[in-house]
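So the chains spell out like this:
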Amino acid sequence: MSRSPGFSRCMPAGAGTSCRKSLVRLKPGIPISDVQHDKLIKESVKHSEGSRMTAPQPQTGSRTGRRRGRRAESEAIISVQGIRKTFGDVTALKNIDLTVSKGTVLGLLGPNGAGKTTLVRILTTLLNPDGGQATIAGHDVVRDRTALRRIVGLAGQYAAVDENLTGRENLRMVGRLYHLERKQARRRADELLDRFGLLKAADRLVKTYSGGMRRRLDLAASLVVSPEVLFLDEPTTGLDPRSRTDLWDVINELVAEGTTLLLTTQYLEEADYLADKIAVIDHGKIIAQGTADELKRQIGGDVLELHVGDRARTDAAIEAIADLNVGEPHADATSGCITLTVTNGAQVLTQTIRALDAIDMPIADIALRRPSLDEVFLALTGHETAEQPAEEEE
Ligand SMILES: Nc1ncnc2c1ncn2[C@@H]1O[C@H](COP(=O)(O)OP(=O)(O)OP(=O)(O)O)[C@@H](O)[C@H]1O
Ligand SMILES: [Mg+2]
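Residues numbered from 1 in each chain as written. Chains lettered and ligands numbered in written order. Predicted model: local features only at pLDDT ≥ 70, side-chain atom pairs only at ≥ 80, totals over all residues.

1. Brief notes about the environment of His 283
Put simply, the rule reads: Counting from the N terminus, the helices are DSSP H or I runs at least four residues long and the strands are E runs at least two residues long.
Inspection of the secondary structure puts His 283 in the loop between strand S9 (277-282) and strand S10 (285-290). C-alpha separation for the pair His 283 and Thr 91, spaced 192 residues apart in sequence, amounts to 8.1 Å.

2. Some remarks on unusual backbone geometry
In this structure, Asn 95 takes a positive phi of about 50° despite not being glycine. Turning to its location among the elements, Asn 95 is positioned in strand S2 (residues 90-101).

3. Structural notes on helix H5 (residues 182-195)
To be explicit about the condition: The length a helix should cover is 1.5 Å for every residue beyond the first. Once C-beta atoms are placed from the backbone, each residue is buried if 20 or more other C-beta atoms lie within 10 Å of its own, exposed if 12 or fewer, and partly exposed for counts between those two. The directions from the helix axis to the C-beta atoms form the arc being described. By the criterion used throughout, residues are in contact when their C-beta atoms, derived from the backbone, lie within 7 Å.
Helix length check: H5 (14 residues) gives 20 Å between terminal C-alpha atoms against 20 Å at 1.5 Å per residue, within 8%. Those residues of H5 that sit buried are Ala 185, Arg 188, Ala 189, Leu 192 and Leu 193. Down the axis of H5, the smallest arc covering the buried residues is 135°, so these residues share one side. Exposed residues lying more than 90 degrees from the buried face of H5 are Lys 183 and Asp 194. In this fold, the buried residues of H5 make contact with helix H4 (167-177) and helix H6 (211-222). Backbone geometry just downstream of H5 places Gly 197 in the positive-phi region, at approximately 65°.

4. Some points on the nonpolar core
For clarity, the cut-off: Think of a nonpolar core as buried Ala, Val, Leu, Ile, Met, Phe, Trp, Tyr and Cys residues, each tied to the set through C-beta atoms within 7 Å.
Ile 78, Leu 123 and Ala 220 are the most contacted members of the largest nonpolar core, which totals 77 residues. If near-sequence neighbours (up to four positions away) are discounted, Ala 220 is found in contact with Leu 171, Leu 192, Leu 193 and Phe 196. In terms of nonpolar packing, the next biggest core, distinct from the first, is built from 16 residues, Val 303, Ala 317, Ala 331 and Leu 356 among them.

Encoded structure:
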């Protein structure tokens, strides 16, 4: 069932790069502190739920396969109305409205500090909102915490595995916490170690694992039992391209089995590949929502990026492309990189190659790719991803 996104040929998966010089780099977010993290782990033990709050039910495999995008709109399983949250002077969420249909994937796309983790924490009962209402499968996130924790799973942004246990011990422990029989917990741990490429390292202490291995183990732990609704907060950040696409396959399998998924990401191509619907969040507000196609229409299509072989003649290349009437090219004469937003990518690609050939312009590189997060924000808001953190905004 795995699909290959065509654009992965043109750019490293998840790189989200652009040759435009003016791009603002994403700023690192504020990590959940160790104290908060410990508290979450303690909570998880206390409730047998906590940061992986999933029902104590083994995988049944009885749900019928459903392919992403083919499922008709059904009833909303996640419903969010007017959710607000402030931390002191920082307004993290301002009146968030969202719905997610059962068995579908919502990609919550936004830069550092946009409010993604705050929303995920509220929806998984780890944090109370200041106002508004949110329900999951009819359970209110504030009033019905215990019932809600039985149906949701969470792999948070920061790995919540025990460093002093081996990978295998971690997964078995999670299984036991969710009341799987010892044998079942062992079997499930082995399956997941295999599925996430951790079999060889299974009996090593987690403190010897690399960052990517910890991330994969953490994700495996969120899948020990099969949640009805799964939250993945930036699941592929820090993973290499291979691990990232492996994880995309695992996510697609889960959704085909019927899990509803809300995942946060900073990569449009990831949201595009995995999600039925995408919500773009900026400064605690949803600024656009829709399918990847609807969003792309809003932002003007894909990006054609080309590097001319003769940088001194970048202007001549731009003139040749401008004659095609396909939009306004942006150029960086220093790097010889030209980008333009196009709706009919394949056709423009051919026309561009012909036009440059006609003026004897060598092409060092040419690729059609999804817009980067910066380009999405530029198109939607007129500015690139925020230079100032949310707290400095009004
Ligand atoms: N516990 C907290 N105390 C104070 N401010 C907080 C707290 N948690 C989040 N914030 C602030 O709320 C805003 C939203 O943070 P959040 O972690 O939700 O962003 P995010 O979209 O997940 O970002 P990232 O991509 O960096 O993970 C930020 O300005 C952040 O500094
Ligand atoms: Mg976050």
